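# Architecture and fold: a report
The lines below spell out each chain.
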Amino acid sequence: MTDSRIRPRERDAVIQSLRAGVVPRAGQHHIQVGRKAEVEALLTDLDRVSDGGSSLRFVIGEYGSGKTFFLNLVRAIGLQKRLVTVHADLNPDRRLHASGGQARGLYAELMRNMATRAKAEGGALPSVVERFVSQALGTARDQGTSAENVIHERLAELCELTGGYDFAEVIACYWRGHDGGDENLKHNALRWLRGEFATRTDARAALGVRTIIDDSTFYDHLKLMARFTRQAGFTGLLVSLDELVNLYKIANTQARTANYEQILRILNDTLQGAAGGLGFLLGGTPEFLTDTRRGLYSYAALQSRLEENTYAAHGLVDLSGPVLRLSSLSAEDFYVLLTKLRHVYASGDPAGYLLPDEALEAFMSHCSSRIGDAYFRTPRTTITQFVNLLAVLEQNPHVDWRQLIGAVTLPREANPDLLPLDEDGIPEADDVTTPWPAQGRGAHPATRDFAGSTPGDDLADFRL
């Protein structure tokens, strides 16, 4: 264990997130354990995207198995490789395909969450556009020509793609606003790039363009944005989408199939190298993938492309295919995780440890006796209780840890995603009379508002 101190900001981000049951946005590297082979497989994907290629991975894991943490870690690595990253969770208001604005809503959320190494917290779209414009201005000065001419020359390749001409025109509008001090024009250009114009009439009045980013052009504009980020000096665009189980829960068969067709289009493009500089990470549960009635396997073209290597059995693995299954956290990994959490809580100072090694073993033994091996396979509740234990010991130094560990309660966490809806949106269960909260995790699947899910909603992702 290193003696290096942990910055207070990172320490607080990790501890507060874990106590709330969500994945921390910062300091993730302090608590990652295991998952070396999976990370190396994704590093290969990131290198391919950085070299102008494309990639797509379905990150599949049980509820609470570590998907969100894993996706966040890969995004952080992508930022270090000078990729631009965008991420969002799917919900009823954000889908890959729709006719009521849900796909445009997903695109807008992705653009709001755009991140670069310098702006890792999101909101990086203006800085990406500014970087492109600044580089064009420098080139124009060197060549003795106008910056707008340079912009159009550099974006000429985008005109070959759907929507590319208006995309280039919007960037030119941003330049004109930049050059003339017209903040309103710059603002409108960014609004268009974020997919915030709802009508073509408004876009034409504001920018003189005839098209907008809508449901039908969602994926086309992701490809344009990937090309643009490379023009701006980055290595490509990494798109991370979590909670794809919400597509599995769409009750209308036609709407669900349309979303799966969009996934098929993306899959074909990336496998064939037709989406340069663009990578996708799609997080979902095994039901979302393999259910032959509602999941991706219900669409024959996807099933044939996503079926796993039959030779990868009996302990053999193949991490080169489009599906990456996250294995369960081992008890050994969980012990290492507890040591890391203890280290983070002490701000990296071993002298400040609140628990000895024997206490970690006692805690694990207690958890095992209460809920069996589920405590390390889906450890969200267990981790929250461990951090709560540290908080009490910190504020009550006179208390013996032995007295507290026996009082830890660990209810087995239910999986709200395991109960599919039938075609009428009714849970397929015999008894639906038990009262449930109206919203949030734990709500009955028939009434739960999935828009309430958060980026860290899938926690337990501590095994990396």
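The rules behind each value
Residues numbered from 1 in each chain as written. Predicted model: local features only at pLDDT ≥ 70, side-chain atom pairs only at ≥ 80, totals over all residues. Heavy atoms only, no water. Helix = DSSP H or I, 4+ residues; strand = E, 2+ residues; numbered from the N terminus. Buried < 20%, exposed > 50% of the residue type's maximum accessible area, 1.4 Å probe, protein only. Contact = heavy atoms within 4.5 Å. Areas by Shrake-Rupley, 256 points an atom, 1.4 Å probe, with all protein chains shown as cover. Axes fitted to C-alpha atoms, helices over the stretch in contact; angles between N-to-C directions. Parallel < 35°, antiparallel > 145°, perpendicular 65-115°, else oblique. Left-handed = near helix turned anticlockwise from the far one by under 90°. Phe/Tyr/Trp six-rings, centres within 6.5 Å; stacked < 30°, edge-to-face > 60°. Lys NZ or Arg CZ within 6 Å of the ring centre and 35° of its normal. Expected span 1.5 Å × (residues − 1). Arc of directions from axis to C-beta. Pairing = 2+ DSSP bridges. Salt bridge = Lys/Arg side-chain N within 4 Å of Asp/Glu carboxyl O. Polar contact = N/O pair within 3.5 Å; in protein donor to acceptor, adjacent residues only side chain to side chain. pLDDT = per-residue confidence, 0-100.

### Thoughts on the overall build of the protein chain
Each helix and strand in the protein chain was counted, giving 19 helices and 5 strands. Residue burial in the protein chain is summarised as follows: out of 464 residues, 53% are buried. For the protein chain, the share of sequence-separated contacts (at least 6 apart) that also reach a separation of at least 24 residues comes to 72%. Working note: accessible area of the protein chain is about 19,600 Å², and carbon and sulfur atoms make up 48% of it.

### Considerations on helix α4 (residues 102–112)
Most of α4 sits inside the fold, with 8 of its 11 residues counted as buried. Of the surrounding elements, those touching the buried residues of α4 are β2 (84–89), α5 (125–143), α8 (183–193), α10 (218–231) and β3 (237–242).

### With respect to the packing of helix α6 (residues 147–154) against helix α7 (residues 164–180)
Where α6 contacts α7, the axes come no closer than 10 Å and their chain directions differ by 160°. Viewed along their axes, α6 and α7 adopt a mutual orientation that is roughly antiparallel. Relative to α7, the crossing made by α6 is right-handed. For the pair α6 and α7, contact is made by Ala147, Glu148, Ile151 and His152 and by Glu169, Ile171, Ala172, Trp175 and Arg176, respectively.

### What about the packing of aromatic side chains?
Applying the stated rule across the entire model yields 7 aromatic pairs. Seen from their ring centres, phenylalanine 167 and tryptophan 192 are 6.3 Å apart, and the 70° between their planes marks the pair as edge-to-face. Taken together, the residues phenylalanine 167 in helix α7 and tryptophan 192 in helix α8 connect sequence positions 25 residues apart. Using a relative accessible area of 0% as the deciding quantity, one classes phenylalanine 167 as buried. Seen from their ring centres, phenylalanine 363 and phenylalanine 386 are 5.1 Å apart, and the 65° between their planes marks the pair as edge-to-face. You can see phenylalanine 363 sitting in helix α16 (residues 357–371) and its partner phenylalanine 386 sitting in helix α18 (residues 380–395), a full 23 residues away along the chain. Three or more aromatic residues joined by ring pairs form one cluster here, namely Phe132, Phe167, Trp192 and Phe228. Note that arginine 11 overlies the ring of tyrosine 345, its terminal NZ or CZ placed 4.5 Å from the centroid. In this arrangement the basic side chain of arginine 131 is found over the ring face of phenylalanine 234, its NZ or CZ atom lying 4.5 Å from the centre.

### Digging into helix α1 (residues 8–20)
Taking 1.5 Å as the rise per residue, α1 with 13 residues should run 18 Å; its terminal C-alpha atoms sit 18 Å apart, in good agreement. Taken residue by residue, α1 has Glu10, Arg11, Val14, Ile15, Ser17 and Leu18 as its buried positions. Buried residues of α1, viewed axially, fall in a sector of 165°; they line one side. Exposed positions of α1 whose direction lies more than 90 degrees from the buried face are Pro8, Arg9, Gln16 and Ala20. Phi for glycine 21, located one or two positions after α1, is positive at around 80°.

### Notes on the pairing of β3
Among the 6 residues that make up β3, 6 are buried, leaving the element largely enclosed by the rest of the structure. Residues Leu237, Val239 and Leu241 point to one face of β3 and Leu238, Ser240 and Asp242 to the other, with burial holding for every one of them. Pairing between β2 and β3: 6 bridges, direction parallel. Looking across to β3, one finds that threonine 85 is bridged to leucine 238.

### Some thoughts on the pattern of salt bridges
One pass over the full model with this rule turns up 23 salt bridges. In this structure, arginine 112 and glutamate 109 form a salt bridge, with 3.0 Å as the shortest nitrogen-oxygen distance. Of this pair, arginine 112 and glutamate 109 both sit in helix α4, 3 residues apart, which is roughly one turn of the helix. Residue class for arginine 112 comes out partly exposed when judged on its relative accessible area of 40%. Between arginine 402 and aspartate 400 there is a salt bridge; the shortest N-O distance is 3.2 Å. On the basis of relative accessible area, aspartate 400 is assigned to the partly exposed category, the value being 30%. One salt-bridge network, in which partners are shared between bridges, spans Arg11, Asp12 and Glu394.

### Notes on the side chain of asparagine 259
Locating asparagine 259 in the fold gives a position in helix α12 (residues 253–271). Within the structure, the side chain of asparagine 259 is placed 3.0 Å from the backbone nitrogen of histidine 97, a separation counted as a polar contact. If near-sequence neighbours (up to four positions away) are discounted, asparagine 259 is found in contact with Arg95, Leu96, His97, Leu247 and Ile250.

### Points about the confidence of the model for the protein chain
Per-residue pLDDT for the protein chain averages 83, and the proportion of residues at 70 or more is 84%. Ranking the elements of the protein chain by mean pLDDT puts helix α17 (residues 374–377) last with 56 and β3 first with 97. The low-confidence segment residues 420–464, where pLDDT is below 50, has 126 contacts with residues more than four positions distant or belonging to other chains.

### Describing the environment of alanine 124
Assignment of secondary structure puts alanine 124 in the loop between α4 and α5. In this structure, the C-alpha to C-alpha distance between alanine 124 and valine 84, residues 40 residues apart in sequence, is 8.7 Å. Those residues in contact with alanine 124, other than ones at most four positions away along the chain, are Met114, Ala115, Thr116 and Lys119.

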